[in-house]
Structure formats: structure tokens, C-alpha cells
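Chains, contacts and geometry: an overview
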Amino acid sequence: MSSTSENVDDRLSMLPEDILSRILSLMPTKYAVGTSVLSKRWRYTWTSVTNLDFDYTRRSPNMITLKFVDGNEEKFTKFVDRVLKFCKTSHLKSFRLHISSSGVSQSSILNWIDNAVRLNVRELDVCVIQSELPLSLFTCKTLTDLRLEPSDCDLKRWEFPSTIYLPCLKTLDIFLCDNPLAIQGCCPVLESLSLNVSCYVEQDFILNIPTLKRLNLLCISIYDDDNRKIILRLPKLEYLFVDGELCSLFEMEDVSSLVEASISCSACSFDFMWADILNKLRGVQKLTIANVSLFFFK
Amino acid sequence: MSYSKTIVLTNYDGETFVVDEVVAVEPQTIEHMIEDGCANTSIPLPNVTSKILSKVIEHCKKHVETPNSNEKAAKADLKSFDFDFVKADQGTLFDLILAMNYLNIKELLDLIYQTVADMIKGKTPEEEEEMRRVNAWVFSCFVGVTCLYFKSKKM
């Protein structure tokens with residue numbers, strides 16, 4: 001080996017341990033663990049990573065997750081189990097778990113998420129096929145960011161349990177949830193929320209979160225003659241984004257703090273809904289409107 | 001014209017660099033030294049070579065000079081500056097890590113760490129940026145698919 005390349009190799013290995021653990025935290029966990037075969041010096045370095053990132057998905061050419069089974073599920077399960085066993089951190093900064101294989105057992109996934117909660121996880125990003133989640137997740141005291149997304153086009157829906165208390169949660173992104181309104185009153189510092197409005201009951205959708213600054217709504221109409229209203233009681237709201245279909249009348253009680261609004265919805269049969277929402281958003285500093293056709297996605 | 005104070009930095013080789021205080025306080029370590037009253041004569045930075053120090057000053061200047069606005073152009077300009085900044089040979093990159101770690105410039109450290117992480121993964125920063133762009137697009141597809149799904153269930 002030439003002396004220059006030796007030097008270059010040494011430079012990385014010579015970095016202090018805390019810098020290396022930060023660098024190894026910035027890549028998918030399989031790469032971080034992979035460095036353990038480099039040399040004795042690297043053998044246990046990865047165990048001090050503060051982020052864990054597991055991805056076992058397959059995607060179509062247009063990047064939509066596909067359901068599959070490829071026979072390596074057992075290996076993947078063992079790998080995640082071992083990483084969680086050897087990982088030294090007691091304060092996990094982020095935990096990302098994306099799985100679109102239906103061959104990974106539900107109990108393993110529940111167990112991994114439960115483990116992340118035990119490791120005081122702050123940011124949790126879960127995209128899996130199943131719709132069950134461990135109850136411990138909903139009373140996690142350290143969680144600041146939570147993202148829950150169903151993994152395939154079966155689109156099973158999440159359901160919040162009756163006991164929720166997330167005292168530090170600031171950001172919640174949840175796609176396809178049966179009872180998204182259950183979080184009201186359970187997240188005292190929630191600032192950012194993304195969710196779908198796809199009600200099966202003919203009730204008004206009332207969102208009442210005094211701390212919320214950013215809201216991203218995905219509206220899906222179920223009934224053509226939708227008479228439900230979306231009522232927003234969000235006195236601190238600064239950013240409002242609406243996607244999907246504009247299918248309900250909006251009622252906004254106080255929009256004085258609104259800075260930016262973006263409505264990009266598919267063509268709606270009722271022009272008065274556009275007129276209504278534009279009227280409500282008068283006075284907002286920045287407004288973006290797009291009439292998106294859903295045919296694009298077919 | 002506002003009064004602008006200058007700070008003298010002395011590096012590893014004994015060379016001195018005179019910079020405006022607003023630029024010098026970008027690194028938190030120097031800011032703390034100034035706050036503690038250690039900056040009357042010159043601030044010694046024995047861990048940092050002149051090549052690296054001038055690079056660090058160049059970076060701090062750019063970040064101070066760019067107006068702190070929400071303007072897309074200014075942000076994009078700063079981002080491409082940072083991208084070019086970390087396009088250094090490995091030796092320089094590791095010197096920068098140690099210097100930045102000592103000076104505590106968090107933002108740039110994050111970017112350099114990400115660059116080294118991408119190197120370990122065998123990806124260039126451009127490829128990684130492309131990945132992130134694709135991921136943003138995935139979400140917009142997801143919205144469409146979800147709507148179609150619900151439409152079909154309605155029947």
C-alpha cells in the first residue's frame with residue numbers, strides 16, 4: 001500500500017470516537033454495521049450510533065412501495081434483533097423502520113418499535129404493512145416527531161388507542177388513520193400535523209389544537225354529496241396546506257396568524273367551494289392555488 | 001455607518017488573521033471566548049492551520065454576508081456554496097472536521113459529516129441529493145394513489 005493512501009485511510013480511523021459515531025449515525029444502519037469488518041478499531045464503533053435506519057422495501061419504477069416476500073426475511077429479522085441488542089445508546093435520536101415485505105412477522109415489528117420507545121426515541125418514522133402498534137408508543141415521554149405511514153396499497157388504517165399522552169410531541173404525520181381526532185388534548189406542545197380527512201361518518205371534522213402552527217390536510221371525499229364541514233379552531237396556525245379533493249366547506253374561526261396557505265386540490269364539482277375557501281383565506285400573506293387532476297396518477 | 005469591531009485570530013503557524021467581529025462570532029467557540037473577555041489581544045487557535053483557517057473564515061463571511069431571508073435564490077445560493085465548500089480532497093475534509101469540531105460550527109459540521117457518511121456508503125453528494133428529491137416526489141404520488149383507492153372503495 002502506498003504511503004499516501006495509508007495516510008488517507010488512517011485519517012478516518014483516527015477521528016475521535018464521538019465524531020465517528022455521528023458520521024455512522026447518518027447512514028442506513030446496514031452500512032454503519034458493515035464498518036465493523038474494517039478492522040479491530042472499527043469493530044464496535046457502530047454500537048454508539050444514535051440513529052437507526054432499517055429499510056426492507058421494494059418500490060415500483062414510480063417509487064410506490066410494493067408488497068413482496070423474498071425469503072431473506074429471517075436474516076433481516078435477526079439483523080434488526082442483533083443491532084437492537086448491541087446498540088449502546090440509551091437515547092435514540094431517530095428510528096426509521098420501513099418494511100414492505102409481508103414476510104416479516106408482526107410480533108417482531110411490534111417488539112422493535114417497543115424497543116425504540118425503551119431507548120427513549122425522539123424521532124420515529126414507521127412505514128409498515130400491518131396496522132398494529134405497541135401501546136407503549138402512545139405514552140412515550142421522549143417522542144418529538146412521529147410519522148406513521150401504511151406501506152402498501154392494501155392501505156390498512158392506523159387506529160389510535162384510547163390512552164394517548166405524548167408530552168413532547170411536536171410533529172405528527174399520520175396517513176390513513178381511522179380516528180385522527182383522538183390526539184386532541186393528548187399532545188400539549190404539538191406544532192405540526194399532517195393527516196387525512198376521510199371520514200366514514202357524516203359528522204363535521206372539528207380540529208381544535210391551540211398550539212398548532214402547521215397543518216397539512218389530505219382531503220378525500222367518500223360521498224359525492226358531502227355536507228360535512230371541516231372546522232379549524234387553530235388560533236396559532238401559520239401554515240395551511242390542503243391536498244386531495246376539495247370536498248367540504250371550511251370553517252376557520254381565527255386565521256389572523258396565518259402566513260402562508262397552499263391549496264392544491266383536484267377539480268371539484270362545486271365551484272362555490274373554491275370561492276368559499278378563497279374568501280376565508282383573504283388577507284393571508286402568501287397564497288398558492290393549484291387545481292390538480294388526479295388522472296395523472298392513473 | 002455602524003461601528004464594526006475587528007478580532008485578531010492567531011493560528012497554528014503563528015499567522016494572524018484580522019476579521020470583523022460579526023464574522024468571527026459565527027463559530028461558537030470564538031463567540032464564547034469573546035463573551036468571556038479572552039479576545040483583548042488575539043485569539044489563539046493552535047489546532048488550526050492557516051489553509052483551514054482561511055477556508056473557515058471564507059465560509060463564515062459568506063454566511064454572514066448572505067441576508068437572512070426566506071428568499072429562495074439566496075438560500076439556494078448558500079446551499080450550492082456549502083456543497084462546493086465540502087467538495088474537497090479527503091485530507092482537507094478531515095482537517096476541516098477537526099477544525100470545525102474545535103470551533104463548533106454546527107451547520108457546516110452536519111454537512112461535512114453527511115459528506116463523509118456518503119463517502120462510506122459510496123455515493124456522491126449529488127446522488128444523495130437526487131435521492132432526497134425522489135423521496136419528496138414519492139409523497140405526492142402517495143396522495144394520488146390514496147385518493148384513487150378511496151374512490152374505488154366507495155362503489
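Here is what the cut-offs are and how they apply
- Residues numbered from 1 in each chain as written.
- Chains lettered and ligands numbered in written order.
- Predicted model: local features only at pLDDT ≥ 70, side-chain atom pairs only at ≥ 80, totals over all residues.
- Heavy atoms only, no water.
- UniProt positions renumbered as here; feature names shortened; annotations may be inferred.
- Core = buried A, V, L, I, M, F, W, Y, C linked by side-chain atoms within 4.5 Å.
- Buried < 20%, exposed > 50% of the residue type's maximum accessible area, 1.4 Å probe, protein only.
- Helix = DSSP H or I, 4+ residues; strand = E, 2+ residues; numbered from the N terminus.
- Salt bridge = Lys/Arg side-chain N within 4 Å of Asp/Glu carboxyl O.
- Pairing = 2+ DSSP bridges.
- Axes fitted to C-alpha atoms, helices over the stretch in contact; angles between N-to-C directions.
- Contact = heavy atoms within 4.5 Å.
- Expected span 1.5 Å × (residues − 1).
- Phe/Tyr/Trp six-rings, centres within 6.5 Å; stacked < 30°, edge-to-face > 60°.

- As named in an unreviewed UniProt entry, chain B is SKP1-like protein, taken from Helianthus annuus.
- Quoted straight from UniProt, the Function (unreviewed entry) entry for chain B says "Involved in ubiquitination and subsequent proteasomal degradation of target proteins. Together with CUL1, RBX1 and a F-box protein, it forms a SCF E3 ubiquitin ligase complex. The functional specificity of this complex depends on the type of F-box protein. In the SCF complex, it serves as an adapter that links the F-box protein to CUL1."

**Some words on the nonpolar core**
- Within the largest apolar cluster, 118 residues are counted, with the highest numbers of intra-cluster contacts made by Phe95, Trp112, Leu193, Leu215 and Leu240 of chain A together with Leu9 of chain B.
- In terms of residue count, helix H5 (residues 90-103) of chain B provides more of this core than any other element does, 7 residues in total.

**Digging into the pattern of salt bridges**
Residue and element names in this part refer to chain A.
- All told, the structure shown has 16 salt bridges over all chains when counted by the stated rule.
- Here Arg96 ties to Asp125 by a salt bridge, and the two come within 4.0 Å at their closest N and O atoms. Remark: Asp125 occurs in strand E5 (residues 123-128) and Arg96 occurs in strand E4 (residues 94-99); sequence separation between them is 29 residues.
- The closest approach of N and O atoms between Lys229 and Glu251, which form a salt bridge, is 3.1 Å. Taken together, the positions of Lys229 in strand E11 (residues 229-233) and Glu251 in strand E13 (residues 249-252) put the pair 22 residues apart, joining distant regions of the chain.
- Each of Asp53, Asp55, Arg96 and Asp125 takes part in one network of salt bridges that share partners.

**A word on the sheet that holds strand E1 (residues 6-11) of chain B**
All names here are of chain B.
- Reading across the sheet, the 3 strands line up as E2-E1-E3 and stay open at both edges, with mixed pairing between neighbours. The open sheet is flanked by strand E2 (16-20) and strand E3 (43-45), the only strands paired with a single partner. Strand-to-strand twist of the sheet, defined as the mean angle between neighbouring strand axes without regard to direction, takes the value 30°.
- By the bridge criterion, 3 bridges tie E1 to E3 in an arrangement that is parallel. By the bridge assignment, Thr10 is partnered in E3 with Pro44.
- Where helix H2 (residues 28-35) meets the sheet, it contacts E1 and E3, and its direction lies at approximately 150° from that of E3.

**Details of helix H4 (residues 72-85) of chain B**
- Here H4 of chain B contains 14 residues, and its C-alpha end-to-end distance of 20 Å stays within 8% of the 20 Å for a straight helix at 1.5 Å per residue.
- Taken as a whole, H4 of chain B has its buried residues at Ala74, Leu78, Phe81, Asp82, Phe83 and Phe85 of chain B.

**Quick notes on the pairing of E1 of chain B**
All names here are of chain B.
- Direction of pairing for E1 relative to E2: antiparallel, over a ladder of 5 bridges. Considered in E2, the bridge of Leu9 is made with Phe17.
- Where E1 folds back on E2, the antiparallel hairpin that results is connected by 4 residues, among which Gly14 adopts a positive phi of roughly 85°.

**With respect to the packing of aromatic side chains**
All names here are of chain A.
- In this structure the tally under the stated criterion is 7 aromatic pairs over all chains.
- When the ring of Tyr56 is compared with that of Phe68, the centres are 5.5 Å apart and the planes differ by 55°; the resulting orientation is tilted. Linking Tyr56 in strand E1 (residues 51-56) with Phe68 in the loop between strand E3 (65-66) and helix H4 (73-86), this pair joins segments that are 12 residues apart in sequence.
- When its relative accessible area of 12% is taken as the criterion, Tyr56 is described as buried.
- Phe68 gets classed as buried once you look at its relative accessible area, which sits at 8%.

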